[in-house]
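One letter stands for each residue in the lines below.
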Amino acid sequence: MNLVVFDIDGTLTDTQKSDLEWYLRALKDEFDVDVSETTVVEDDLVTDSGFAQALYRQAHGGSLSEADIERLKARFMSYLEGAVKLDPGLIQQIPGAAHLLELLDASPRWRVAVATGCWERSATYKLHHSGLSHAKIPMATCDDAPRRSLIVSLAIRRALEAYGVNQFERIVLVGDRPWDVRVAAMLNYPFIGIDPDGMLASV
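All of these numbers come straight from a predicted model, not from anything done at the bench. Numbers given to residues run from 1 along each chain, matching the order in which its sequence is written. Predicted model: local features are reported for residues with pLDDT of at least 70 only, side-chain atom pairs are reported and counted for 80 or more only, and whole-chain, interface and lining totals are derived from all residues. Hydrogens and waters are ignored; side-chain quantities use all the structure's heavy atoms.

### So, helix 1 (residues 16–31)
In DSSP terms, a helix is any run of H or I states spanning at least four residues, a strand is any run of E spanning at least two, and both are numbered starting from the N terminus. To estimate the expected span of a helix, subtract one from its residue number and multiply by 1.5 Å. Across its 16 residues, helix 1 extends 22 Å between first and last C-alpha, which sits within 8% of the 22 Å expected from 1.5 Å per residue. Along its buried surface, helix 1 packs onto helix 2 (48–60), helix 3 (66–86) and helix 5 (120–129). Phi turns positive, to about 55°, at Asp 32, one or two residues after helix 1. Any two residues having at least one pair of non-hydrogen atoms within 4.5 Å are treated as being in contact.

### Remarks on the side chain of Thr 13
Residue placement: Thr 13 occurs in the loop between strand 1 (2–6) and helix 1. In protein, a polar contact means a hydrogen-donor-capable atom and an acceptor-capable atom, both N or O and within 3.5 Å, with residues adjacent in sequence counting only if both atoms are side-chain atoms; elsewhere, any N or O pair within 3.5 Å suffices. A distance of 2.7 Å separates the side chain of Thr 13 from the side chain of Thr 15, its partner in a polar contact. Residue contacts for Thr 13: discarding those within four places in its chain leaves Ile 8, Gln 92, Gln 93, Ile 94, Lys 126, Leu 127, Ser 130 and Leu 132.

### What about the pairing of strand 4 (residues 170–175)?
Among the six residues of strand 4, five are classified as buried, and the element is accordingly described as predominantly covered. Pairing of strand 4 with strand 5 (residues 191–194), which is carried by three bridges, proceeds in the parallel orientation. Counterpart to Leu 173 in the pairing with strand 5 is Phe 191. Think of it like this: strands point away, you trace from the first strand over the helix to the second, and a clockwise trace means the crossover is right-handed. Crossover handedness for the path strand 4 to helix 7 (residues 178–187) to strand 5: right-handed. When a residue's accessible area, from a 1.4 Å probe over protein chains only, is under 20% of the maximum for its type it is buried; when over 50% it is exposed; and in between it is partly exposed. The rule for pairing is simple: two strands pair if DSSP sees at least two bridges between them.

### Let's talk about the nonpolar core
Residues belong to one nonpolar core when they are buried, are Ala, Val, Leu, Ile, Met, Phe, Trp, Tyr or Cys, and are joined through side-chain atoms within 4.5 Å. Core analysis: the largest hydrophobic core is formed by 43 residues, its most contacted members being Leu 3, Val 5, Tyr 23, Leu 27, Leu 72 and Phe 76. At the level of elements, strand 1, helix 1, helix 2, helix 3, strand 2 (110–115), helix 6 (148–163) and strand 4 are the ones that each hand at least two residues to this core. Among the elements that take part in this core, helix 3 stands out by supplying eight residues, more than any other. Dropping the residues within four chain positions of it, Leu 3 is found in contact with Trp 110, Arg 111, Val 112, Ala 113, Ile 156, Ala 159, Tyr 163, Phe 168, Arg 170, Ile 171 and Val 172. Counting 21 residues, the second largest nonpolar core, distinct from the first, contains Ile 94, Leu 101, Cys 118 and Ala 123.

### Here's the deal with helix 3
An ideal rise of 1.5 Å per residue puts 30 Å on 21 residues; helix 3 measures up with 30 Å between its terminal C-alpha atoms. If you check which residues of helix 3 are buried, you get Asp 68, Ile 69, Leu 72, Lys 73, Phe 76, Met 77, Tyr 79, Leu 80, Ala 83 and Val 84. Taken end-on, helix 3 shows its buried residues confined to a sector of 165°, consistent with a single buried face. Projecting away from the buried face of helix 3 at angles above 90 degrees are the exposed residues Ala 67, Lys 85 and Leu 86. Looking at the buried side of helix 3, the elements it contacts are helix 1, helix 2 and helix 5. Taking the helix axis as origin, the arc is that swept by the directions to the C-beta atoms.

### Concerning the packing of helix 3 against helix 5
Relative orientation of the contacting elements helix 3 and helix 5 amounts to 15°, with a least axis distance of 10 Å. Taken together, the axes of helix 3 and helix 5 lie roughly parallel to each other. Where helix 3 crosses over helix 5, the two elements pack in a sense that is left-handed. Residues Phe 76, Met 77, Leu 80, Glu 81 and Val 84 of helix 3 touch helix 5, and the partners they reach there are Arg 121, Ser 122 and Tyr 125. Think of it as three bins: nonpolar holds Ala, Val, Leu, Ile, Met, Phe, Trp, Tyr, Cys and Pro, charged holds Asp, Glu, Lys and Arg, and polar takes everything else, Gly as well. Taken together, the residues of the contact of helix 3 with helix 5 sort by class into five nonpolar, one polar and two charged. Each axis is a line fitted through C-alpha atoms, taken for helices only over the stretch in contact, and angles between the N-to-C directions span 0 to 180 degrees. What sets the label is the angle itself: under 35 degrees gives roughly parallel, over 145 gives roughly antiparallel, 65 to 115 gives roughly perpendicular, and the rest give oblique. By definition, turning the near helix anticlockwise from the far helix through less than a right angle yields a left-handed crossing, and turning it clockwise yields a right-handed one.

### Some remarks on the state of the cysteines
What counts as a disulfide here is a pair of cysteine sulfur atoms lying within 2.5 Å. Applying the stated criterion across every chain yields a total of zero disulfides. Looking at the unpaired Cys 118, the closest cysteine sulfur is the one in Cys 142, lying at 7.3 Å. Given a relative accessible area of 5%, Cys 142 falls into the buried group.

### What about the confidence of the model for the protein chain?
With 95% of its residues at a pLDDT of 70 or more, the protein chain has an overall mean of 91. Residue-level confidence of the predictor is summarised by pLDDT, bounded by 0 at the bottom and 100 at the top. Between residues 198–203, whose pLDDT stays under 50, and residues either more than four places distant or in other chains, the model counts twelve contacts.

### A closer look at the packing of aromatic side chains
Classification of ring pairs rests on two measures: the distance between centres of Phe, Tyr or Trp rings, Trp counted by its six-membered ring, which must be within 6.5 Å, and the angle between planes, read as stacked under 30 degrees, edge-to-face over 60 and tilted in between. Using the criterion set out here, one finds six aromatic pairs in the structure. Seen in terms of ring centroids, Tyr 23 and Phe 51 are 6.1 Å apart; in terms of plane orientation they differ by 45°. Their pairing is tilted. A residue pair is termed long-range when its members are at least 10 positions apart, and Tyr 23 in helix 1 and Phe 51 in helix 2 qualify at 28 residues. For Tyr 23, a relative accessible area of 3% corresponds to the buried category. Taking relative accessible area as the criterion, Phe 51 reaches 16% and is therefore assigned buried.

What follows is the structure, encoded as structure tokens:
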């Protein structure tokens, strides 16, 4: 049995732009943190929690507490949900995503998991509003860990438990950003990339 591990933003849902816009606004409003051309964050920390911690440290020193992260999460979700109420089209699935998940679900050889740098609340919100069924899909988010490599590893462990197997013969990661590629290389997994035009390329 094989496993495909999907990212969410830009991979299953067409939400990369709106997600980033409201996330950065929440970060600015809560902690007076801006992203500039000189901002550099380690690829493995490009998650909602890890990115906030890195930027806060660069701007102010110190670290955000769990309560701070919860405030940021609540502010971000209020912005995102408010924007979607005004324009439901802000959250859509990547064309063909639902069909692909259906094909994999029907396959005797392949299973699916999700590993996302989003918080769980925003991840499930975006999947639900884009019409993607996710209740049965093993998932790990940045609520579980701040680093993408740890999130992927946890999603795989949860998939092993969910599908009742000891190991997968092949594990393939699917994402859309440069850090997705580099984290896949770090973990030594094959990678399928989705570019902004919806095309696929394997690495």
